[in-house]
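# Residue-level structural notes
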Amino acid sequence: MDYWKSKEQRLEEDRVDEVLELIWMLIEDGEATVENIARKSEDPQVSPLLKDIESFGLISIDHHSGKVAFKETGKGRAEQIIRRHRIAERLLSEVFEVEERQIEDHACELEHTHVLGQVVVDSICTFLGHPPTCPHGKVIPRGECCKKFSLDVKPLVGSLTDLRIGEEAKIVFISSKYHARLDRLSSLGIIPGSVIRLHQKQPTYVIRIGETELALDKDLAKEIFVKKI
Ligand SMILES: [Zn+2]
Ligand SMILES: [Zn+2]
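Residues numbered from 1 in each chain as written. Chains lettered and ligands numbered in written order. Predicted model: local features only at pLDDT ≥ 70, side-chain atom pairs only at ≥ 80, totals over all residues.

Let's shift gears to the overall build of the protein chain. Counting secondary structure elements, the protein chain contains nine helices and eight strands. C-alpha atoms of the protein chain, sized along the principal axes, occupy 60 × 40 × 30 Å. A burial count over the protein chain gives 30% of its 229 residues as buried. Counting contacts in the protein chain only where the partners sit at least 6 residues apart, residues at least 24 apart contribute 59% of the total. (Helix = DSSP H or I, 4+ residues; strand = E, 2+ residues; numbered from the N terminus. Buried ≥ 20, exposed ≤ 12 C-beta atoms within 10 Å, placed from the backbone. Contact = placed C-beta atoms within 7 Å.)

What follows is the structure, encoded as structure tokens:
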């Protein structure tokens, strides 16, 4: 539907999107207030824009404390923006191997709806193995694709358990929700960026990392996502 919008409408939408994105990140850090938004926004007209966004019913502002919260539609819209942005970051870092300091600029250009539609975002998400976080470790909101397994796109990133014996791969992310596990894995050098080689699958998974051989049970191996090299 985007072709029917004028350039001005798009620019206006982009400004709203930028502010919604900022609010999302401030909420993650527990500091979404009018003051912080005004301080961190790059929009020269952020105060009137914030009032507009409130009048659109996207956010609510507590005029005593200055706290800003999402309303349902605003939250849904911000979630999509954040998802696009962070998926784009993953794409740039895993596929195009863009350096970390350059990722931010490109991802900002890609996050707007008219560049990456939802279907495209879900395809990229699937292609990347449904990453739980962006390269900076921030949570990527889940999409429809993450709920239902899609076979349309051949993933670039897959579980360590999908490797064949002898294959080498780079660890891209670890999906474990258990911090104790993550700590244990990182103490063994199993962190994003490490290169591993699969030596054995039965009765346990054995990988080589640097000069070390490590045995992992299947549950653990399934949570390690890798890209073949
Ligand atoms: Zn990020
Ligand atoms: Zn997904």
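Now that the structure has been shown, the text picks up again.
It is worth spelling out the nonpolar core at this point. Within soluble globular proteins, side chains that are nonpolar tend to cluster in buried spots. Ile-87, Ile-124, Leu-160, Ile-224, Phe-225 and Val-226 are the most contacted members of the largest nonpolar core, which has 34 residues in total. Of all the secondary-structure elements, those providing two or more residues to this core are α4 (72-94), α5 (100-110), α6 (118-127), β4 (168-174), β5 (195-200), β6 (205-209), α9 (218-222) and β8 (224-228). In terms of residue count, β4 provides more of this core than any other element does, five residues in total. When we break this core down by domain, the ones giving at least three residues each are domain 2 (75-147) and domain 3 (157-228). (Core = buried A, V, L, I, M, F, W, Y, C linked by C-beta atoms within 7 Å. Domains from an automatic or database assignment.)

To continue, consider the sheet that holds β6. Read from one edge of the open sheet, six strands run β3-β8-β4-β5-β6-β7, paired in antiparallel fashion. What marks the edges here is a single partner per strand, and that holds for β3 (157-159) and β7 (212-216). For this sheet, the mean angle separating the axes of adjacent strands, direction not counted, is 45°. Note that β3 and β8 share three bridges and pair antiparallel. Following the sheet pairing, Ser-159 is matched in β8 by Phe-225. (Pairing = 2+ DSSP bridges. Axes fitted to C-alpha atoms, helices over the stretch in contact; angles between N-to-C directions.)

A separate point is the packing of α4 against α6. Pairs of packed helices are described in terms of their axes, by the angle between the two and the distance that separates them. Two elements in contact, α4 and α6, have axes separated by 10 Å at closest approach and are oriented at 45°. When the axes of α4 and α6 are compared, the pair comes out oblique. Handedness of the α4/α6 crossing: left-handed. Contacts between α4 and α6 involve Gln-80, Arg-83, Arg-84, Ile-87 and Leu-91 from the first element and Gln-118, Val-121, Ile-124 and Cys-125 from the second. Here the contact of α4 with α6 is composed, by residue class, of five nonpolar, two polar and two charged. (Parallel < 35°, antiparallel > 145°, perpendicular 65-115°, else oblique. Left-handed = near helix turned anticlockwise from the far one by under 90°. Nonpolar A, V, L, I, M, F, W, Y, C, P; charged D, E, K, R; others polar.)

Next up on the list: the environment of Glu-54. Relative to the helices and strands, Glu-54 is located in helix α3 (residues 46-55). Sequence-wise, Glu-54 and Asp-43 are eleven residues apart; in three dimensions their C-alpha atoms are separated by 16 Å. Aside from chain neighbours lying at most four places away, what touches Glu-54 is Ile-59, Ser-60 and Ile-61.

In this section: helix α1 (residues 7-28). In an α-helix there are 3.6 residues to a turn, and that puts residues three or four apart on one side. Helix length check: α1 (22 residues) gives 31 Å between terminal C-alpha atoms against 32 Å at 1.5 Å per residue, within 8%. Three or more residues of α1 are buried, namely Val-16, Val-19, Leu-20, Leu-22, Ile-23 and Trp-24. After α1 finishes, the residue Gly-30 shows a positive phi value of roughly 70°. (Expected span 1.5 Å × (residues − 1).)

Turning next to the domain arrangement of the protein chain. Assigned domains of the protein chain: these are domain 1 (2-70), domain 2 (75-147) and domain 3 (157-228). Between domain 2 and domain 3, the contact holds six residues from the first and seven residues from the second.

Let us look at unusual backbone geometry. Going from Gln-202 to Pro-203, the amide bond is cis rather than trans, its omega being -10°. Turning to its location among the elements, Pro-203 is positioned in the loop between β5 and β6. The backbone phi angle of His-130 is positive, close to 55°, even though this residue is not glycine. Position of His-130 among the secondary structure elements: in the loop between α6 and α7 (144-147).

Take Leu-26: it is sitting in helix α1. Accessibility expressed as a C-beta count within 10 Å gives 16 for Leu-26, which makes it partly exposed. Taking the C-alpha atoms as reference points, Leu-26 and Asp-183, 157 residues apart in sequence, are found 27 Å from one another.

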